[in-house]
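The chain contents come next:
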Amino acid sequence: MATYNHGHDGTYGDSNYRYGDGEKAPYEYQQTHSVSSPVTDAGKLSDPNDRHHSLQRGLSARQVSMIAIGGAIGTGLIIGTGTALKNAGPASILISYSIVGLIVYVVMAALGEMATWLPAAGGFVPYATRYVIVLTRDLGQVDPALGFAVGYTYWFKYIITTPNQLTAGALVIQYWCPPERVNPGVFIAIFLVAIIVFNYLGIRFFGELEFWLSSIKVLTILGLIILMIVLAAGGGPSHEATGFRYWHNPGAFAEYLAKGSLGKFLAVWSTMVTAVFAFLGTELIGVTVGEAQNPRRNVPRAIKLTFWRIVIFYIVSVFLLGLNVAYNDPLLTGATKKSNSAAASPFVVAIQIAGIKGLPGFLNACILIFVFSAANSDLYIASRTIHGLALKGQAPRFLATTDKRGVPVYGLALSALVCCIAFLNISTSSKLVFGYFVNLVSIFGLLSWITILVSHIYFVRARKAQGVPKSELRYTSPFGMWGSAIALFFCCLIALTKNFTVFFPSASYGRFDYKNFITGYLGIPLYLMQVNRSRKNTRARLTLRSMIAGWKLVKRTKGVTPLTADLYTGKDIIDADEQEWLAREAAEKASGRGPNVVYRHTLGYLF
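A short tour of the structure in this document, coming up. (Residues numbered from 1 in each chain as written. Predicted model: local features only at pLDDT ≥ 70, side-chain atom pairs only at ≥ 80, totals over all residues. Heavy atoms only, no water.)

Notes on the overall build of the chain
Regarding its fold elements, the chain presents 24 helices and seven strands. Within the chain, the fraction of its 607 residues that count as buried is 58%. When the accessible surface of the chain is summed, it comes to about 24800 Å², and 64% of that surface belongs to carbon and sulfur atoms. (Helix = DSSP H or I, 4+ residues; strand = E, 2+ residues; numbered from the N terminus. Buried < 20%, exposed > 50% of the residue type's maximum accessible area, 1.4 Å probe, protein only. Areas by Shrake-Rupley, 256 points an atom, 1.4 Å probe, with all protein chains shown as cover.)

Details of the packing of helix α4 (residues 90–117) against helix α13 (residues 306–324)
Where α4 contacts α13, the two axes come as close as 9 Å, and the packing angle between them is 170°. Regarding the angle of α4 to α13, the classification is roughly antiparallel. Along the contact surface, α4 presents P90, I93, L94, Y97, S98, G101, V104, Y105 and M108, while α13 presents T306, F307, I310, Y314, I315, V318, F319 and G322. (Axes fitted to C-alpha atoms, helices over the stretch in contact; angles between N-to-C directions. Parallel < 35°, antiparallel > 145°, perpendicular 65-115°, else oblique. Contact = heavy atoms within 4.5 Å.)

Concerning the nonpolar core
Among the nonpolar cores identified, the biggest contains 143 residues, and W117, Y127 and W449 are the most heavily contacted of them. Look past the residues within four positions of W449 in its chain and what remains in contact with it is V104, V107, V276, F279, L280, E283 and C491. By size, the runner-up hydrophobic cluster in this structure holds 19 residues, among which are L166, A170, F191 and L379. (Core = buried A, V, L, I, M, F, W, Y, C linked by side-chain atoms within 4.5 Å.)

A look at a nonpolar patch on the surface
On the surface, F503, F512, Y514, F517, I518, L522 and L526 cluster together into a nonpolar patch covering about 630 Å² of accessible area. Considering each element in turn, the nonpolar patch owes the most residues, three residues, to helix α20 (residues 514–521). (Patch = residues over 30% accessible without salt bridge, like charges linked within 9 Å, V, L, I, M, F, W, Y side chains within 5 Å. Salt bridge = Lys/Arg side-chain N within 4 Å of Asp/Glu carboxyl O.)

Observations concerning the environment of Y410
With respect to the helices and strands, the residue Y410 is situated in helix α17 (residues 409–418). A residue is classified by how much of its surface remains accessible, and Y410, at 44% relative accessible area, is partly exposed. Each C-alpha atom of the pair Y410 and F398 lies 7.0 Å from the other, and the pair is twelve residues apart in sequence.

Some remarks on helix α16 (residues 359–391)
Here α16 is 33 residues long and its end C-alpha atoms lie 48 Å apart, about the 48 Å a rise of 1.5 Å per residue gives. Burial runs high along α16: 28 of the 33 residues are buried. (Expected span 1.5 Å × (residues − 1).)

A closer look at the state of the cysteines
Inspection of the entire model under this criterion finds zero disulfides. For the unlinked cysteine C492, the closest cysteine sulfur is that of C491, found at 7.0 Å. (Disulfide = S-S within 2.5 Å.)

Observations concerning the environment of V186
Within the secondary structure, V186 is located in helix α7 (residues 184–200). On a C-alpha basis, the gap between V186 and I426 in space is 9.9 Å, while along the polypeptide they are 240 residues apart.

Thoughts on the packing of aromatic side chains
Applying the stated criterion across every chain, the model contains 23 aromatic pairs. A centroid spacing of 5.3 Å and a plane angle of 55° characterise the contact between F517 and Y521, whose relative ring orientation is tilted. Note that F517 and Y521 are positioned in helix α20 at a spacing of four residues, about one turn of the helix. With relative accessibility at 30%, the residue F517 sits in the partly exposed group. Put simply, the rings of F191, F198, F205 and F372 touch in pairs and so form one group of aromatic residues. Stacked on the ring of Y158, the Lys or Arg K157 has its end atom at 4.1 Å from the ring centre. Of note, R461 hangs over the ring of Y458, and the distance from its end group to the ring centre comes to 5.4 Å. (Phe/Tyr/Trp six-rings, centres within 6.5 Å; stacked < 30°, edge-to-face > 60°. Lys NZ or Arg CZ within 6 Å of the ring centre and 35° of its normal.)

Description of the side chain of S92
Turning to its location among the elements, S92 is positioned in helix α4. Other than its neighbours up to four places away in sequence, S92 contacts A252, F253, A267, V268 and T271.

Brief notes about helix α3 (residues 81–88)
Counting buried residues in α3 gives six out of eight residues, a clear majority hidden from the surface. Residues T81, G82, A84, L85, N87 and A88 constitute the buried set of α3. Check the buried side of α3 and you find it contacts α2 (75–78), α4, α10 (260–279), α13, α14 (330–335) and α15 (346–354). Residue G89 follows α3 closely and has a positive phi angle near 95°.

What to know about the pattern of salt bridges
Scanning the model with the defined rule gives three salt bridges in all. Between R463 and E113 there is a salt bridge whose closest N-O contact spans 3.0 Å. Placement of the pair is R463 in helix α18 (residues 428–465) and E113 in helix α4, with a sequence separation of 350 residues. For R463, a relative accessible area of 5% gives the class buried. Overall, the relative accessible area of 1% leaves E113 in the buried class. Residue E240 is joined to R245 by a salt bridge in which the shortest nitrogen-to-oxygen separation is 2.8 Å. Take E240: its relative accessible area is 41%, and that puts it in the partly exposed class.

What to know about the side chain of K498
Mapped onto the fold, K498 is located in the loop between α19 (480–497) and α20. The side chain of K498 is buried and forms no salt bridge, while D513, the nearest opposite charge, is found at 11 Å. Within polar-contact distance, the side chain of K498 engages the side chain of N499 at 2.8 Å. Once residues within four sequence positions are removed from consideration, K498 is found in contact with V273, F277, N439, S442, I443, G520 and Y521. (Lys, Arg positive; Asp, Glu negative; His and termini not counted. Polar contact = N/O pair within 3.5 Å; in protein donor to acceptor, adjacent residues only side chain to side chain.)

What about unusual backbone geometry?
Excluding glycine, residues mostly carry a negative phi; peptide bonds, for their part, are mostly trans. Each neighbour pair has its own omega, and for N249 with P250 the value is 15°, a cis peptide bond. Examined against the element boundaries, P250 turns out to sit in helix α9 (residues 245–251). Positive phi, close to 70°, is recorded for L257, a residue that is not glycine. By secondary structure assignment, the location of L257 is in the loop between α9 and α10. On the accessibility criterion, L257 (39% relative accessible area) is partly exposed.

Focus on the packing of α3 against α4
Between α3 and α4, the shortest axis-to-axis distance is 7 Å and the interhelical angle comes to 125°. Judged on the interaxial angle alone, α4 and α3 are oblique. Residue-level inspection shows T81, A84, L85 and A88 of α3 in contact with α4, the latter providing P90, S92, I93 and Y97. Considering only residue class, the contact of α3 with α4 consists of six nonpolar, two polar and no charged. (Nonpolar A, V, L, I, M, F, W, Y, C, P; charged D, E, K, R; others polar.)

Written out as structure tokens, the structure reads:
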């Protein structure tokens, strides 16, 4: 097995390269003991030797599993599928959601392999820092370019999407309370205070709340699936079975932006983009690994079940939706022009076509829960991401501070403060600007998938080069490195073509939609940009470097090879943590308080 410098002096791989004074080496705080040495609070803290910067492992198996589901179910499914169906037709959305669902499973499997080898605080960002890294000879410092880029772009995404979800919640409430009666800013303020409090109360409270909110999501989707089956079979008030009628008339494929085969291909591809953004958030499970109990057991189980959840909640849903609503139905066309309320949901259109009354109001309440849960988890992701960046010295050090509940209070406060931009939506003039922000950061979620896949490819290369057998891994991706490479190709292709409609003429913007082109693609160069901290004559200055791809050329740097990639730093503490959980489970089993086997093999597969 190749050797790696496991020194305690802050060196990283090669003694010629050192971290700066203000930066904490990745898991440097976990290098002071071995598996056989006593570990204080093993199984309780992400870093037992640094209580003031450590997260608490308070998420149980059922909470981790349910959060994994909740991250995959949102308004993108219950509302966004309407636009996809209108533009492309039922067969197109079935094809695109199936393909993207497979890509998502590859991404999750890749994340699961890395997360079970070394469950790290800071989500998946540390893996990009450890395995896909650039070394610079300036000051002899390690410069984790990709980890820095994905960390900040991921944080930017969620400090923008959180206020976007808060605004959506205020719009949903307009179903019962019009803005003429109560200013939407009141509801934005109420929701913002609520999610701040729920995040501040600690990971145990957050996990339990998300468990029940996600349970409501699951029950809502399952209820809609059952209802769609009943309506398609003729069980509605009209007793008219639609079957595959709408697949024949008006047809299975719609034409989008062009006529003939080209129009049908563009329709399928446009829904590929829609499907990707409907699935975004599934990687939330990677952020929870630093606070999950026994992550080497619970995270793989949640990821293994991801495949069936994708099939049930997404593919089955869009298939049944295509049986109940024609893509050219006037009600569907009208629904896609409405805001984030039940009126915009294609499932409500199916209910209206069937002649069922009363359900739209109930579904609107469910959508409100969807939106609130999304805002709550988005703020959680933002606070943990900036905490992870601060641990690596890539953000101000005080942002890594945690309280006695393991909450990164300053990271939470900063993220919550930025979320106040939600109040921009109260003004009509500033709402357009906020819309540009949302469009700008929307691609960052897709770039996070790309980073996970790149990190996995480098991780597999490193473990093979260093002779780590598969038997030492608690979970391995069934698709291997080449599966990640293929998924990476499609993710890059979708990222480059996600706004392809700007090149097609329209009466609203002319021959070229330059505004959406800029906001839709500006996120890519922002992701590739780097800030390099350099010093000259003892004066600190910030220098903006252009691209990660050109970083090595500009700085004359070299990358970490598979033989020198850091696979082991901090693994000892995780091994000790795992042994602690195994001992606890053995004690519970001996006392008769083990897990409910009946629940695990029935409702446990869904929840």
